[in-house]
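# An overview of the molecular structure
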Amino acid sequence: MAEAGLAVVVLERGQYPGAKNVSGGILYRHPTEEIIPGFEAEAPLERPIIEQRYLALTADAMLGGIYRTQDFGSPPFNSYSVLRSEFDRWYATKAEEAGAEVYPEFTVTDLIFEKGKVVGVSTGEPDGELLAHVVVLADGANSLLAKQAGLHTEWNPIDQALVAKELIALQAGTINDRFQLPDGLGAAYEIFGESTWNHLGYGFIYTNKESLSIGTGALLQDLIDSGHNVNDMLDRFKKHPAITPLIAGGETIEYSAHLIPEFGYNKLPKLFADGVLVVGDAAGLVNPINREGANLAMISGKLAGQTVISARERDDSSITTLVRYRELLEESIVLQDLYKVRNTTHFAHERPHLLVDYPDLVSKIAKTYLTVDGASKKAKMAEINRLVRSLPKRRLIDDAIGGFRSMFR
Ligand SMILES: Cc1cc2nc3c(=O)[nH]c(=O)nc-3n(C[C@H](O)[C@H](O)[C@H](O)COP(=O)(O)OP(=O)(O)OC[C@H]3O[C@@H](n4cnc5c(N)ncnc54)[C@H](O)[C@@H]3O)c2cc1C
(Lines give C-alpha, C1' and ligand atoms only; values in the text may rest on other atoms or scores of the structure.)
Protein backbone atom coordinates (compact mmCIF):
# COMPACT_ATOMS: atom_id res chain seq x y z
CA MET A 1 0.00 0.00 0.00
CA ALA A 2 2.79 2.39 0.92
CA GLU A 3 4.63 1.52 -2.30
CA ALA A 4 1.46 2.40 -4.22
CA GLY A 5 1.60 5.86 -2.65
CA LEU A 6 -1.07 5.41 0.03
CA ALA A 7 -0.62 6.93 3.49
CA VAL A 8 -0.22 3.89 5.77
CA VAL A 9 -0.04 3.86 9.56
CA VAL A 10 0.68 0.68 11.56
CA LEU A 11 -0.32 0.74 15.22
CA GLU A 12 1.24 -1.95 17.42
CA ARG A 13 0.53 -2.28 21.11
CA GLY A 14 3.86 -4.00 21.90
CA GLN A 15 7.04 -2.18 22.85
CA TYR A 16 8.26 -2.99 19.36
CA PRO A 17 6.90 -5.13 16.48
CA GLY A 18 7.56 -8.74 17.50
CA ALA A 19 7.53 -8.07 21.25
CA LYS A 20 4.16 -9.76 21.71
CA ASN A 21 4.10 -12.26 18.85
CA VAL A 22 4.29 -15.94 19.71
CA SER A 23 5.12 -18.65 17.21
CA GLY A 24 6.93 -21.94 17.02
CA GLY A 25 8.84 -20.06 14.44
CA ILE A 26 8.68 -21.94 11.13
CA LEU A 27 8.62 -19.37 8.35
CA TYR A 28 8.12 -20.44 4.74
CA ARG A 29 10.38 -18.89 2.10
CA HIS A 30 7.98 -18.70 -0.83
CA PRO A 31 5.30 -16.34 0.57
CA THR A 32 7.95 -14.23 2.30
CA GLU A 33 9.94 -13.88 -0.94
CA GLU A 34 6.81 -12.69 -2.74
CA ILE A 35 6.42 -9.85 -0.28
CA ILE A 36 10.09 -8.96 0.29
CA PRO A 37 12.13 -10.21 -2.70
CA GLY A 38 15.65 -11.16 -1.61
CA PHE A 39 14.70 -11.18 2.09
CA GLU A 40 17.12 -14.04 2.86
CA ALA A 41 20.11 -11.74 2.33
CA GLU A 42 19.18 -9.46 5.22
CA ALA A 43 16.38 -10.91 7.39
CA PRO A 44 17.29 -12.34 10.82
CA LEU A 45 16.77 -16.04 10.11
CA GLU A 46 17.83 -18.95 12.30
CA ARG A 47 18.26 -22.27 10.43
CA PRO A 48 16.93 -23.53 7.06
CA ILE A 49 14.85 -26.61 7.92
CA ILE A 50 16.08 -29.78 6.21
CA GLU A 51 14.29 -32.39 8.27
CA GLN A 52 10.67 -32.83 9.33
CA ARG A 53 9.70 -35.48 11.88
CA TYR A 54 6.17 -36.54 12.81
CA LEU A 55 6.36 -38.44 16.06
CA ALA A 56 3.95 -39.95 18.56
CA LEU A 57 4.70 -40.50 22.21
CA THR A 58 3.21 -43.22 24.38
CA ALA A 59 3.97 -43.29 28.11
CA ASP A 60 7.34 -44.96 27.53
CA ALA A 61 7.98 -45.00 23.78
CA MET A 62 8.43 -42.80 20.74
CA LEU A 63 7.59 -43.75 17.16
CA GLY A 64 7.11 -41.94 13.90
CA GLY A 65 8.32 -40.87 10.52
CA ILE A 66 11.23 -38.76 9.30
CA TYR A 67 11.69 -36.87 6.08
CA ARG A 68 15.08 -35.31 5.39
CA THR A 69 16.20 -34.16 1.99
CA GLN A 70 19.30 -32.38 0.70
CA ASP A 71 16.92 -30.36 -1.51
CA PHE A 72 15.70 -28.55 1.60
CA GLY A 73 19.32 -28.01 2.61
CA SER A 74 20.37 -25.88 -0.36
CA PRO A 75 18.85 -22.78 -1.99
CA PRO A 76 16.04 -22.21 -2.66
CA PHE A 77 15.27 -23.30 0.90
CA ASN A 78 11.73 -24.34 1.79
CA SER A 79 11.49 -22.91 5.29
CA TYR A 80 13.47 -21.39 8.14
CA SER A 81 13.20 -21.30 11.87
CA VAL A 82 12.95 -17.71 13.08
CA LEU A 83 12.63 -15.84 16.36
CA ARG A 84 9.60 -13.62 15.92
CA SER A 85 10.90 -10.93 18.25
CA GLU A 86 13.79 -10.41 15.83
CA PHE A 87 12.09 -11.25 12.54
CA ASP A 88 9.00 -9.06 13.07
CA ARG A 89 11.13 -6.13 14.14
CA TRP A 90 13.10 -6.38 10.92
CA TYR A 91 9.91 -6.95 8.87
CA ALA A 92 8.43 -3.70 10.24
CA THR A 93 11.52 -1.77 9.07
CA LYS A 94 10.72 -2.95 5.53
CA ALA A 95 7.25 -1.42 5.85
CA GLU A 96 8.89 1.80 7.02
CA GLU A 97 11.36 1.76 4.13
CA ALA A 98 8.37 1.50 1.78
CA GLY A 99 6.90 4.61 3.37
CA ALA A 100 4.57 3.28 6.10
CA GLU A 101 4.64 4.87 9.55
CA VAL A 102 4.97 2.27 12.30
CA TYR A 103 4.04 3.30 15.85
CA PRO A 104 4.72 0.80 18.64
CA GLU A 105 3.15 1.16 22.08
CA PHE A 106 -0.18 2.27 20.65
CA THR A 107 -3.14 0.06 21.55
CA VAL A 108 -6.28 0.48 19.50
CA THR A 109 -9.16 0.38 21.95
CA ASP A 110 -12.06 1.28 19.68
CA LEU A 111 -13.12 1.58 16.11
CA ILE A 112 -14.70 4.84 15.00
CA PHE A 113 -17.97 4.43 13.11
CA GLU A 114 -19.87 6.87 10.94
CA LYS A 115 -23.32 5.80 9.72
CA GLY A 116 -22.39 2.16 10.39
CA LYS A 117 -19.12 2.38 8.43
CA VAL A 118 -15.68 2.07 10.04
CA VAL A 119 -13.86 5.34 9.43
CA GLY A 120 -10.94 5.12 11.85
CA VAL A 121 -9.52 3.91 15.14
CA SER A 122 -9.07 5.30 18.59
CA THR A 123 -6.42 4.60 21.23
CA GLY A 124 -8.77 5.84 23.93
CA GLU A 125 -6.44 8.78 24.74
CA PRO A 126 -7.15 12.46 24.20
CA ASP A 127 -6.08 13.19 20.59
CA GLY A 128 -5.90 9.44 20.11
CA GLU A 129 -8.19 9.28 17.08
CA LEU A 130 -6.96 8.43 13.61
CA LEU A 131 -9.28 8.52 10.61
CA ALA A 132 -8.72 6.23 7.62
CA HIS A 133 -10.34 5.31 4.34
CA VAL A 134 -9.90 1.65 5.27
CA VAL A 135 -8.90 -0.01 8.54
CA VAL A 136 -7.13 -3.38 8.27
CA LEU A 137 -7.53 -5.36 11.49
CA ALA A 138 -4.47 -7.52 12.23
CA ASP A 139 -4.77 -7.82 16.00
CA GLY A 140 -4.33 -11.59 16.15
CA ALA A 141 -6.27 -14.45 17.75
CA ASN A 142 -9.40 -13.57 19.69
CA SER A 143 -9.64 -10.25 17.86
CA LEU A 144 -11.67 -7.84 19.95
CA LEU A 145 -11.61 -5.30 17.14
CA ALA A 146 -13.14 -7.74 14.62
CA LYS A 147 -15.88 -8.30 17.17
CA GLN A 148 -16.43 -4.54 17.49
CA ALA A 149 -16.66 -4.34 13.70
CA GLY A 150 -19.48 -6.91 13.85
CA LEU A 151 -17.45 -9.45 11.87
CA HIS A 152 -17.95 -12.15 14.49
CA THR A 153 -19.77 -12.60 17.76
CA GLU A 154 -17.91 -14.64 20.39
CA TRP A 155 -15.17 -17.25 19.85
CA ASN A 156 -15.93 -20.57 21.55
CA PRO A 157 -13.29 -22.47 23.53
CA ILE A 158 -13.74 -25.37 21.10
CA ASP A 159 -12.48 -23.08 18.31
CA GLN A 160 -9.23 -21.96 19.95
CA ALA A 161 -6.11 -23.83 20.97
CA LEU A 162 -3.91 -22.63 23.81
CA VAL A 163 -0.20 -23.31 23.44
CA ALA A 164 2.70 -22.81 25.87
CA LYS A 165 6.14 -22.24 24.42
CA GLU A 166 9.66 -21.94 25.77
CA LEU A 167 12.89 -20.87 24.19
CA ILE A 168 15.72 -23.00 25.56
CA ALA A 169 19.30 -21.83 25.04
CA LEU A 170 21.75 -24.52 23.92
CA GLN A 171 25.09 -24.33 22.14
CA ALA A 172 24.97 -24.73 18.36
CA GLY A 173 27.28 -27.76 18.45
CA THR A 174 25.09 -29.51 21.03
CA ILE A 175 22.02 -28.91 18.86
CA ASN A 176 23.87 -30.25 15.80
CA ASP A 177 24.89 -33.42 17.69
CA ARG A 178 21.52 -34.14 19.26
CA PHE A 179 19.49 -33.51 16.13
CA GLN A 180 22.14 -34.96 13.77
CA LEU A 181 22.36 -31.73 11.81
CA PRO A 182 25.02 -30.30 9.53
CA ASP A 183 26.23 -26.96 10.87
CA GLY A 184 23.73 -24.18 10.25
CA LEU A 185 20.83 -26.40 9.17
CA GLY A 186 17.75 -27.26 11.22
CA ALA A 187 14.98 -29.72 12.04
CA ALA A 188 11.31 -29.47 12.94
CA TYR A 189 9.66 -32.11 15.12
CA GLU A 190 5.86 -32.32 15.46
CA ILE A 191 4.95 -34.62 18.35
CA PHE A 192 1.52 -36.07 19.17
CA GLY A 193 -0.01 -38.28 21.87
CA GLU A 194 1.49 -38.05 25.34
CA SER A 195 3.01 -34.67 24.45
CA THR A 196 -0.46 -33.17 24.94
CA TRP A 197 -1.79 -35.56 27.59
CA ASN A 198 -3.40 -37.24 24.57
CA HIS A 199 -5.60 -34.24 23.85
CA LEU A 200 -6.06 -33.14 20.26
CA GLY A 201 -3.10 -30.83 19.70
CA TYR A 202 0.61 -31.29 19.34
CA GLY A 203 3.97 -30.65 20.84
CA PHE A 204 6.83 -29.27 18.81
CA ILE A 205 10.57 -28.79 18.91
CA TYR A 206 12.26 -26.57 16.33
CA THR A 207 15.98 -25.90 16.18
CA ASN A 208 17.27 -22.32 16.10
CA LYS A 209 20.93 -21.29 15.81
CA GLU A 210 21.65 -21.48 19.51
CA SER A 211 18.30 -22.35 21.04
CA LEU A 212 15.33 -24.69 20.76
CA SER A 213 11.71 -23.60 20.48
CA ILE A 214 9.63 -26.14 22.36
CA GLY A 215 5.91 -26.03 23.00
CA THR A 216 2.72 -27.93 23.43
CA GLY A 217 -0.97 -27.16 23.55
CA ALA A 218 -4.52 -28.30 22.95
CA LEU A 219 -8.02 -27.06 22.28
CA LEU A 220 -9.15 -24.72 25.03
CA GLN A 221 -12.41 -26.63 25.52
CA ASP A 222 -10.52 -29.87 26.19
CA LEU A 223 -8.24 -28.09 28.65
CA ILE A 224 -11.26 -26.69 30.48
CA ASP A 225 -13.02 -30.09 30.52
CA SER A 226 -9.97 -32.01 31.71
CA GLY A 227 -8.68 -29.38 34.15
CA HIS A 228 -5.22 -29.62 32.57
CA ASN A 229 -3.24 -26.47 32.00
CA VAL A 230 -0.65 -25.88 29.29
CA ASN A 231 2.18 -24.97 31.69
CA ASP A 232 1.91 -28.37 33.35
CA MET A 233 1.50 -29.96 29.92
CA LEU A 234 4.76 -28.42 28.73
CA ASP A 235 6.60 -29.46 31.92
CA ARG A 236 5.29 -32.99 31.50
CA PHE A 237 6.31 -33.03 27.83
CA LYS A 238 9.84 -31.93 28.73
CA LYS A 239 10.08 -34.74 31.27
CA HIS A 240 9.17 -37.50 28.79
CA PRO A 241 12.14 -39.89 28.51
CA ALA A 242 12.33 -39.34 24.73
CA ILE A 243 12.38 -35.54 25.06
CA THR A 244 14.56 -34.90 28.12
CA PRO A 245 17.85 -35.85 26.40
CA LEU A 246 17.14 -33.38 23.57
CA ILE A 247 16.86 -30.38 25.91
CA ALA A 248 19.19 -31.51 28.73
CA GLY A 249 21.50 -28.78 30.04
CA GLY A 250 19.54 -26.05 28.24
CA GLU A 251 18.44 -22.89 29.97
CA THR A 252 14.92 -21.53 29.52
CA ILE A 253 15.33 -17.92 28.42
CA GLU A 254 11.78 -17.10 27.35
CA TYR A 255 8.29 -18.37 28.18
CA SER A 256 4.99 -17.46 26.54
CA ALA A 257 1.49 -18.81 26.03
CA HIS A 258 -0.81 -17.85 23.20
CA LEU A 259 -4.07 -18.75 21.49
CA ILE A 260 -4.32 -20.20 17.99
CA PRO A 261 -7.66 -19.85 16.18
CA GLU A 262 -8.85 -23.28 15.10
CA PHE A 263 -12.34 -22.70 13.75
CA GLY A 264 -11.36 -23.27 10.13
CA TYR A 265 -13.26 -22.71 6.92
CA ASN A 266 -16.66 -23.88 8.16
CA LYS A 267 -16.81 -21.24 10.88
CA LEU A 268 -14.89 -18.36 9.29
CA PRO A 269 -16.00 -14.93 10.48
CA LYS A 270 -17.04 -12.25 8.03
CA LEU A 271 -13.84 -10.96 6.48
CA PHE A 272 -14.92 -7.42 5.58
CA ALA A 273 -17.52 -4.75 6.25
CA ASP A 274 -17.86 -1.15 5.16
CA GLY A 275 -14.45 0.47 5.69
CA VAL A 276 -12.77 -2.53 7.31
CA LEU A 277 -10.92 -5.76 6.44
CA VAL A 278 -9.57 -8.44 8.77
CA VAL A 279 -6.40 -10.48 8.14
CA GLY A 280 -4.31 -13.27 9.67
CA ASP A 281 -5.21 -14.80 13.04
CA ALA A 282 -7.80 -12.09 13.64
CA ALA A 283 -9.71 -13.64 10.72
CA GLY A 284 -8.97 -17.22 11.84
CA LEU A 285 -6.74 -17.85 8.82
CA VAL A 286 -4.73 -20.73 10.30
CA ASN A 287 -4.23 -24.19 8.85
CA PRO A 288 -3.80 -26.29 12.01
CA ILE A 289 -3.08 -29.51 10.13
CA ASN A 290 -0.02 -28.13 8.37
CA ARG A 291 0.98 -25.73 11.14
CA GLU A 292 0.68 -22.74 8.81
CA GLY A 293 -0.36 -19.41 10.24
CA ALA A 294 2.36 -16.83 9.72
CA ASN A 295 2.42 -17.42 5.95
CA LEU A 296 -1.39 -17.20 5.68
CA ALA A 297 -1.29 -13.99 7.72
CA MET A 298 1.29 -12.52 5.34
CA ILE A 299 -0.60 -13.58 2.20
CA SER A 300 -3.92 -12.29 3.55
CA GLY A 301 -2.19 -9.00 4.43
CA LYS A 302 -0.92 -8.74 0.88
CA LEU A 303 -4.38 -9.43 -0.59
CA ALA A 304 -5.96 -6.94 1.81
CA GLY A 305 -3.39 -4.38 0.62
CA GLN A 306 -4.27 -5.01 -3.02
CA THR A 307 -7.96 -4.59 -2.20
CA VAL A 308 -7.34 -1.31 -0.39
CA ILE A 309 -5.33 0.03 -3.34
CA SER A 310 -8.22 -0.62 -5.72
CA ALA A 311 -10.68 0.81 -3.18
CA ARG A 312 -8.66 4.03 -3.18
CA GLU A 313 -8.50 4.06 -6.98
CA ARG A 314 -12.29 3.83 -7.10
CA ASP A 315 -12.71 6.12 -4.11
CA ASP A 316 -15.06 3.53 -2.63
CA SER A 317 -14.32 1.68 0.58
CA SER A 318 -17.78 0.17 0.95
CA ILE A 319 -18.43 -3.57 0.85
CA THR A 320 -19.09 -3.26 -2.88
CA THR A 321 -15.32 -2.88 -3.42
CA LEU A 322 -14.02 -4.67 -0.33
CA VAL A 323 -15.82 -7.92 -1.29
CA ARG A 324 -12.89 -8.37 -3.69
CA TYR A 325 -10.75 -9.29 -0.66
CA ARG A 326 -12.84 -12.42 -0.02
CA GLU A 327 -12.64 -13.31 -3.73
CA LEU A 328 -8.85 -12.93 -3.74
CA LEU A 329 -8.60 -15.13 -0.63
CA GLU A 330 -10.79 -17.78 -2.29
CA GLU A 331 -8.51 -17.73 -5.34
CA SER A 332 -5.39 -18.07 -3.18
CA ILE A 333 -4.01 -20.97 -1.16
CA VAL A 334 -5.35 -19.32 1.99
CA LEU A 335 -9.00 -20.29 1.61
CA GLN A 336 -8.33 -23.16 -0.80
CA ASP A 337 -6.19 -24.90 1.84
CA LEU A 338 -8.55 -24.08 4.71
CA TYR A 339 -11.41 -25.50 2.65
CA LYS A 340 -9.43 -28.70 2.04
CA VAL A 341 -8.88 -29.35 5.76
CA ARG A 342 -12.25 -27.94 6.86
CA ASN A 343 -13.42 -31.20 8.44
CA THR A 344 -10.14 -32.59 9.76
CA THR A 345 -10.09 -31.01 13.23
CA HIS A 346 -13.70 -32.04 13.85
CA PHE A 347 -12.95 -35.58 12.64
CA ALA A 348 -9.98 -35.94 15.00
CA HIS A 349 -11.72 -34.27 17.93
CA GLU A 350 -14.62 -36.70 17.67
CA ARG A 351 -12.14 -39.57 18.01
CA PRO A 352 -9.98 -39.01 21.09
CA HIS A 353 -8.77 -42.62 20.83
CA LEU A 354 -6.80 -41.79 17.62
CA LEU A 355 -3.83 -40.31 19.48
CA VAL A 356 -3.86 -43.07 22.09
CA ASP A 357 -4.87 -46.41 20.62
CA TYR A 358 -2.93 -46.33 17.36
CA PRO A 359 0.44 -45.13 18.72
CA ASP A 360 0.01 -47.63 21.54
CA LEU A 361 -0.73 -50.43 19.06
CA VAL A 362 2.22 -49.60 16.81
CA SER A 363 4.49 -49.39 19.85
CA LYS A 364 3.35 -52.82 21.06
CA ILE A 365 3.79 -54.31 17.58
CA ALA A 366 7.30 -52.89 17.27
CA LYS A 367 8.24 -54.07 20.75
CA THR A 368 6.87 -57.55 20.13
CA TYR A 369 8.68 -57.86 16.82
CA LEU A 370 11.99 -56.37 17.92
CA THR A 371 12.32 -58.19 21.26
CA VAL A 372 14.48 -61.30 20.97
CA ASP A 373 13.20 -63.47 23.78
CA GLY A 374 13.22 -67.05 22.52
CA ALA A 375 9.75 -66.84 20.94
CA SER A 376 9.75 -67.81 17.24
CA LYS A 377 8.93 -65.25 14.54
CA LYS A 378 5.79 -67.30 13.80
CA ALA A 379 4.68 -66.91 17.42
CA LYS A 380 5.46 -63.19 17.24
CA MET A 381 3.36 -62.74 14.08
CA ALA A 382 0.50 -64.55 15.80
CA GLU A 383 0.83 -62.16 18.76
CA ILE A 384 0.89 -59.15 16.42
CA ASN A 385 -2.20 -60.50 14.69
CA ARG A 386 -3.90 -60.77 18.09
CA LEU A 387 -2.93 -57.20 18.97
CA VAL A 388 -4.37 -55.83 15.71
CA ARG A 389 -7.57 -57.84 16.17
CA SER A 390 -7.98 -56.50 19.69
CA LEU A 391 -9.04 -53.14 18.20
CA PRO A 392 -12.75 -52.96 17.33
CA LYS A 393 -12.90 -53.74 13.59
CA ARG A 394 -15.85 -51.46 12.92
CA ARG A 395 -14.07 -48.51 14.55
CA LEU A 396 -10.90 -49.24 12.56
CA ILE A 397 -12.84 -49.08 9.27
CA ASP A 398 -14.77 -46.02 10.39
CA ASP A 399 -11.53 -44.22 11.34
CA ALA A 400 -9.89 -45.12 8.02
CA ILE A 401 -12.84 -43.97 5.90
CA GLY A 402 -13.48 -40.88 8.05
CA GLY A 403 -9.80 -39.93 7.99
CA PHE A 404 -9.59 -40.33 4.23
CA ARG A 405 -12.75 -38.28 3.68
CA SER A 406 -11.68 -35.50 6.03
CA MET A 407 -8.37 -35.11 4.19
CA PHE A 408 -9.25 -35.74 0.57
CA ARG A 409 -12.82 -34.55 0.02
C1 LIG B 1 2.91 -21.53 20.02
C2 LIG B 1 2.60 -21.19 18.59
C3 LIG B 1 3.36 -21.77 17.58
C4 LIG B 1 3.12 -21.43 16.25
N5 LIG B 1 3.94 -21.94 15.29
C6 LIG B 1 3.81 -21.52 14.01
C7 LIG B 1 4.76 -21.91 13.02
O8 LIG B 1 5.75 -22.58 13.33
N9 LIG B 1 4.58 -21.48 11.75
C10 LIG B 1 3.51 -20.70 11.40
O11 LIG B 1 3.39 -20.33 10.21
N12 LIG B 1 2.60 -20.30 12.33
C13 LIG B 1 2.74 -20.69 13.62
N14 LIG B 1 1.86 -20.23 14.57
C15 LIG B 1 0.77 -19.34 14.16
C16 LIG B 1 1.33 -17.93 13.90
O17 LIG B 1 2.11 -17.50 14.99
C18 LIG B 1 0.20 -16.96 13.67
O19 LIG B 1 -0.68 -17.49 12.71
C20 LIG B 1 0.71 -15.60 13.18
O21 LIG B 1 1.55 -15.01 14.14
C22 LIG B 1 -0.47 -14.69 12.90
O23 LIG B 1 -0.01 -13.42 12.60
P24 LIG B 1 -0.93 -12.16 12.88
O25 LIG B 1 -0.13 -10.98 12.48
O26 LIG B 1 -2.27 -12.37 12.28
O27 LIG B 1 -1.17 -12.17 14.46
P28 LIG B 1 -0.12 -11.95 15.63
O29 LIG B 1 1.22 -12.47 15.26
O30 LIG B 1 -0.76 -12.45 16.87
O31 LIG B 1 0.01 -10.36 15.70
C32 LIG B 1 -1.02 -9.56 16.21
C33 LIG B 1 -0.37 -8.24 16.58
O34 LIG B 1 -1.37 -7.29 16.90
C35 LIG B 1 -0.98 -6.60 18.07
N36 LIG B 1 -2.22 -6.14 18.69
C37 LIG B 1 -3.21 -6.90 19.21
N38 LIG B 1 -4.22 -6.13 19.65
C39 LIG B 1 -3.87 -4.87 19.36
C40 LIG B 1 -4.52 -3.61 19.54
N41 LIG B 1 -5.74 -3.54 20.09
N42 LIG B 1 -3.87 -2.48 19.16
C43 LIG B 1 -2.61 -2.55 18.59
N44 LIG B 1 -1.97 -3.71 18.38
C45 LIG B 1 -2.59 -4.84 18.76
C46 LIG B 1 -0.21 -7.62 18.88
O47 LIG B 1 0.63 -7.02 19.83
C48 LIG B 1 0.55 -8.37 17.80
O49 LIG B 1 1.77 -7.78 17.51
C50 LIG B 1 2.06 -20.55 15.91
C51 LIG B 1 1.29 -19.99 16.92
C52 LIG B 1 1.56 -20.29 18.26
C53 LIG B 1 0.74 -19.64 19.34
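Residues numbered from 1 in each chain as written. Predicted model: local features only at pLDDT ≥ 70, side-chain atom pairs only at ≥ 80, totals over all residues.

Before going further, it helps to examine the overall build of the chain. Helix and strand content of the chain: 14 helices and 17 strands. Relative to a compact globule of 409 residues, whose C-alpha radius of gyration would be 22 Å, the chain shows 23 Å and is just as compact. Within the chain, the proportion of its 409 residues that are buried is 38%. Excluding contacts between residues fewer than 6 apart, the proportion of contacts in the chain whose partners are at least 24 apart in sequence is 70%. (Helix = DSSP H or I, 4+ residues; strand = E, 2+ residues; numbered from the N terminus. Rg over C-alpha atoms; globule rule 2.2 N^0.38 Å. Buried ≥ 20, exposed ≤ 12 C-beta atoms within 10 Å, placed from the backbone. Contact = placed C-beta atoms within 7 Å.)

Each strand in a sheet pairs with its neighbour through backbone hydrogen bonds, running either in the same direction (parallel) or in the opposite one (antiparallel). Reading across the sheet, the seven strands line up as E4-E3-E12-E13-E14-E11-E15 and stay open at both edges, with mixed pairing between neighbours. If you trace the sheet from one side to the other, it starts and ends with strand E4 (62-68) and strand E15 (251-261), each paired once. Within the sheet, the average angular offset between the axes of one strand and its neighbour, ignoring direction, is 15°. Two elements, strand E3 (residues 49-57) and E4, share seven bridges in a ladder whose sense is antiparallel. If you follow glutamate 51 over to E4, its bridge partner there is arginine 68. (Pairing = 2+ DSSP bridges. Axes fitted to C-alpha atoms, helices over the stretch in contact; angles between N-to-C directions.)

Bringing helix H2 (residues 84-97) into the picture now. For H2, which comprises 14 residues, the first-to-last C-alpha distance of 19 Å matches the rise-based estimate of 20 Å (1.5 Å per residue) to within 8%. Within H2, burial applies to Arg84, Phe87, Asp88 and Tyr91. Down the axis of H2, the sector holding all buried residues measures 90°, keeping them to one side. Turned more than 90 degrees from where H2 packs its buried face, Thr93 and Glu97 sit exposed. Considering only its buried residues, H2 is in contact with strand E2 (26-28). Trailing H2 by a residue or two, glycine 99 shows a phi angle of about 115°, which is positive. (Expected span 1.5 Å × (residues − 1). Arc of directions from axis to C-beta.)

This next bit is on the sheet that holds strand E10 (residues 135-137). Strand order across the open sheet formed by three strands is E10-E17-E16, with mixed pairing between neighbours. The open sheet has two free edges, formed respectively by E10 and strand E16 (272-273), since each of these has just one partner strand. The sheet contact formed by E10 and strand E17 (residues 276-278) spans three bridges and is parallel. What sits directly across from leucine 137, in E17, is valine 278.

Taken together, 32 residues surround the ligand, and among them Ser23, Gly24, Gly140, Gly280 and Gly293 come closest. Residue assignment for the shell around the ligand shows that the elements contributing at least two residues are strand E1 (9-12), strand E11 (160-169), E15 and helix H8 (294-314). Considering every element that reaches the shell around the ligand, the biggest residue donor is H8, with three residues. For the shell around the ligand, the residue count by class is 12 nonpolar, 12 polar and eight charged. (Near = placed C-beta within 6 Å. Nonpolar A, V, L, I, M, F, W, Y, C, P; charged D, E, K, R; others polar.)

This paragraph deals with the pairing of E3. Summarising the sheet, E3 and strand E12 (residues 186-193) pair through eight bridges and their orientation is parallel. Paired with glutamate 51 across the bridge in E12 is alanine 187. Where E3 hands over to E4, the hairpin turn is made up of four residues, counted between the paired strands.

Domain parsing of the chain yields domain 1 (158-261) and domain 2 (346-408). The interface of domain 1 with domain 2 comprises five residues on the first partner and five residues on the second. (Domains from an automatic or database assignment.)

Attention shifts here to the environment of glycine 128. Take glycine 128: it is sitting in the loop between strand E8 (117-122) and strand E9 (129-131). On a C-alpha basis, the gap between glycine 128 and valine 108 in space is 9.0 Å, while along the polypeptide they are 20 residues apart. In this structure, glycine 128 is in contact with Ser122 and Thr123, ignoring residues within four places of it in sequence.

This part takes up the packing of H8 against helix H9 (residues 319-331). At their nearest, the axes of H8 and H9 sit 9 Å apart, and the two run at 150° to each other. As judged from the angle between their axes, H8 and H9 are roughly antiparallel. The interaxial crossing formed by H8 with H9 has right-handed handedness. Of the residues in H9, those in contact with Ser300, Leu303, Ala304, Gln306, Thr307, Ser310, Ala311 and Arg314 of H8 are Thr321, Leu322, Arg324, Tyr325, Leu328 and Leu329. Partitioned by chemical class, the residues of the contact of H8 with H9 number seven nonpolar, five polar and two charged. (Parallel < 35°, antiparallel > 145°, perpendicular 65-115°, else oblique. Left-handed = near helix turned anticlockwise from the far one by under 90°.)

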